[in-house]
Amino acid sequence: MAKQQTTFDEATLSIGPEGALDAIRAAGDSAEALVEQWVNKANAGAVQSIADHGSGAARKAARRGLNVLRSRGITAQTGQRKAALFKAENKEPEALMLPPDSAGVRLIAISRTRSDGSCSACLVYVRDGQGILRVESSESTPTRLRSALGQALPGSGLEAVSVPVPWARAKIASARLKHRERGLIEPLGFSSNKELLEPVPANEVEHPFDAEGFEFGDEDARDLAQDSGSLHHLPEFRSWLPTQNAIQDLLTNVGKNITPGQKPDHDAATELIKNEMLEATDRYFTAERCSDLIEWMKDAAVSVLAREGESTALKVAATIQVIRSSSDSAKPARDVPFLRAFFEKALSVLMTQNGGRLDIPLPKAEQTELQAS
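Treat the numbers as computed from the prediction; the structure is a model and nothing was measured.

In a beta sheet, neighbouring strands pair by backbone hydrogen bonds and run either parallel or antiparallel. Read across the sheet, five strands follow the order S4-S3-S2-S1-S5 without closing on themselves; strand pairing throughout is antiparallel. Here the strands that pair on one side only, and so sit at the sheet edges, are strand S4 (131–140) and strand S5 (161–163). On average, adjacent strands in this sheet sit at an angle of 25 degrees to one another, irrespective of strand direction. Here strand S1 (residues 94–98) pairs with S5 via three bridges, running antiparallel.

Quick look at the pattern of salt bridges now. Inspection of the entire model under this criterion finds 26 salt bridges. A salt bridge links arginine 307 to glutamate 308, with the nearest nitrogen and oxygen atoms 2.7 Å apart. The exposure class of arginine 307 is partly exposed, given its relative accessible area of 25%. Salt bridges sharing partners connect three or more residues here, namely Arg59, Arg63, Arg70, Glu212 and Glu310.

Next up on the list: the confidence of the model for the chain. When pLDDT is averaged along the chain, the result is 87, and 91% of the positions lie at 70 or above. Across residues 366–373, where pLDDT falls below 50, the model places zero contacts with residues more than four positions away in sequence or in other chains.

On to the packing of helix H3 (residues 31–40) against helix H4 (residues 44–53). Orientation of H3 relative to H4, taken along the N-to-C sense of each, is 140 degrees, at an axis distance of 8 Å. Considering the angle they form, H3 stands oblique to H4. Note on packing geometry: the crossing formed by H3 with H4 is left-handed. Every residue of H4 that contacts H3 at Val35, Trp38 and Val39 is listed here: Ala46, Val47 and Ile50. Here the contact of H3 with H4 is composed, by residue class, of six nonpolar, no polar and no charged.

Turning our eyes to something else, we now look at helix H6 (residues 142–150). Of all the residues in H6, the buried ones are Leu145, Leu149 and Gly150. Here the buried residues of H6 occupy an arc of 140 degrees about the axis, which is enough to place them on one side. For H6, exposure combined with an orientation more than 90 degrees from the buried face picks out Thr143 and Arg144.

Per the counting criterion, the structure on display carries eight aromatic pairs. Between the aromatic rings of tyrosine 284 and phenylalanine 343, the centroid separation amounts to 5.6 Å while the plane-to-plane angle is 90 degrees, which identifies the pairing as edge-to-face. Here phenylalanine 343 lies in helix H14 (residues 337–353) and tyrosine 284 lies in helix H11 (residues 266–284), a separation of 59 residues in the sequence. The class for tyrosine 284 is buried, based on a relative accessible area of 11%. A relative accessible area of 1% means that phenylalanine 343 is categorised as buried.

Rules behind the numbers
- Counting starts from 1 at the beginning of each chain's written sequence and moves along it residue by residue.
- It should be noted that, the model being predicted, local features are given only for residues of pLDDT at least 70 and side-chain atom pairs only at 80 or more, the latter also being counted only at that level, while totals for whole chains, interfaces and linings use all residues.
- Side-chain numbers here rest on the full set of heavy atoms in the structure, without hydrogens or water.
- DSSP calls a pair of strands paired once it identifies at least 2 bridges connecting them.
- Only DSSP runs of H or I reaching four residues or more are called helices, and only runs of E reaching two or more are called strands; each is numbered from the N terminus.
- Interaxial angles span 0 to 180 degrees and are taken between N-to-C directions of axes, which are lines fitted to C-alpha atoms, for helices over the stretch in contact.
- Put simply, a salt bridge is a Lys or Arg side-chain nitrogen that is within 4 Å of an Asp or Glu carboxyl oxygen.
- Residue exposure (1.4 Å probe, protein chains only): buried if accessible area is under 20% of the type maximum, exposed if over 50%, otherwise partly exposed.
- Each residue carries a pLDDT score, the predictor's own confidence in it, on a scale running from 0 to 100.
- Here a residue-residue contact requires only that any non-hydrogen atoms of the pair lie within 4.5 Å.
- When an angle is under 35 degrees it counts as roughly parallel; over 145 it counts as roughly antiparallel; between 65 and 115 it counts as roughly perpendicular; any other value is oblique.
- It is the rotation of the near helix from the far one that decides the hand of a crossing: anticlockwise by less than a right angle makes it left-handed, clockwise makes it right-handed.
- Each residue gets one label: Ala, Val, Leu, Ile, Met, Phe, Trp, Tyr, Cys and Pro are nonpolar, Asp, Glu, Lys and Arg are charged, and the others, such as Gly, are polar.
- Here the arc refers to the set of directions running from the helix axis out to each C-beta atom.
- Put simply, two rings from Phe, Tyr or Trp (the six-membered ring, in Trp's case) pair if the centres are within 6.5 Å, and we call them stacked under 30 degrees between planes, edge-to-face over 60, tilted for the rest.

Set out below in structure tokens:
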């Protein structure tokens, strides 16, 4: 928050939620200072109002302020919030996003509603580091478009969530640039949808989840992320697994420690699998992979916040911070429950598919008999 010396009268500092927006507008460049003084005065209602309905730096300051107030046991009595990620505006175009699937593919749709209630839309499938996978055009209505997007991941229980149009355009433009850098032919559809996809912001656009202001001290982040493995039960993360090669390498390493023809003791086998799973976690989550994963998680967190609310989104934000910190300091990935759960979940899926068994590839016994000449 901005450290300004601006002072406000008692009426402004004690204002209720219904007058908070007007007070922020009147504060002008001192809006952040006003939010900070509301936090110091424990005026949770005013802070919550700006967090819910404000915009720009003041809203971000309010989001941080709510974390401070909660740490003091102070909350606004406004009921559970199903948060919008940005202030709704009565103008088009609109941007929607389906969060990353197990391969990191996002579906971003930018649409414009006409005066007759119909809308034209451009649907772009993107993957960070790879580029554009597919571009589609759609003529529909806003309601039907949302319904159609909800069917793009059947069985996931996920719906498309609103995201700021400038961010969506920048995300698509970044993927197009990566596509060109790889020397790939761009899919058809961009020229006919130029009016929806442009203008692309000239400056970097803040990620909508970063704009929420979920920031923690290192110890607070670790505490919140202690149970981060449970995030894999959410539909946004349920399908996320290591690659097949990584799972096969884990099983192969287990097999190398088993003598062919000898059935290992159950406890010893369990310990062996556990240790190899931890080693696999450390090998798999390199600094580069963690960097990619954080971007996946931030996009998924947009959906988590809109669908589950702040409590679960805070855990996702804390987990992202812990993963980033662990990667920057080269700490073992196994120390992060969310990362360990990738391989735990993968082995659980394999056992379910194989009737409770794991098919461990064993090394072939060396030939000890000489062939007759």
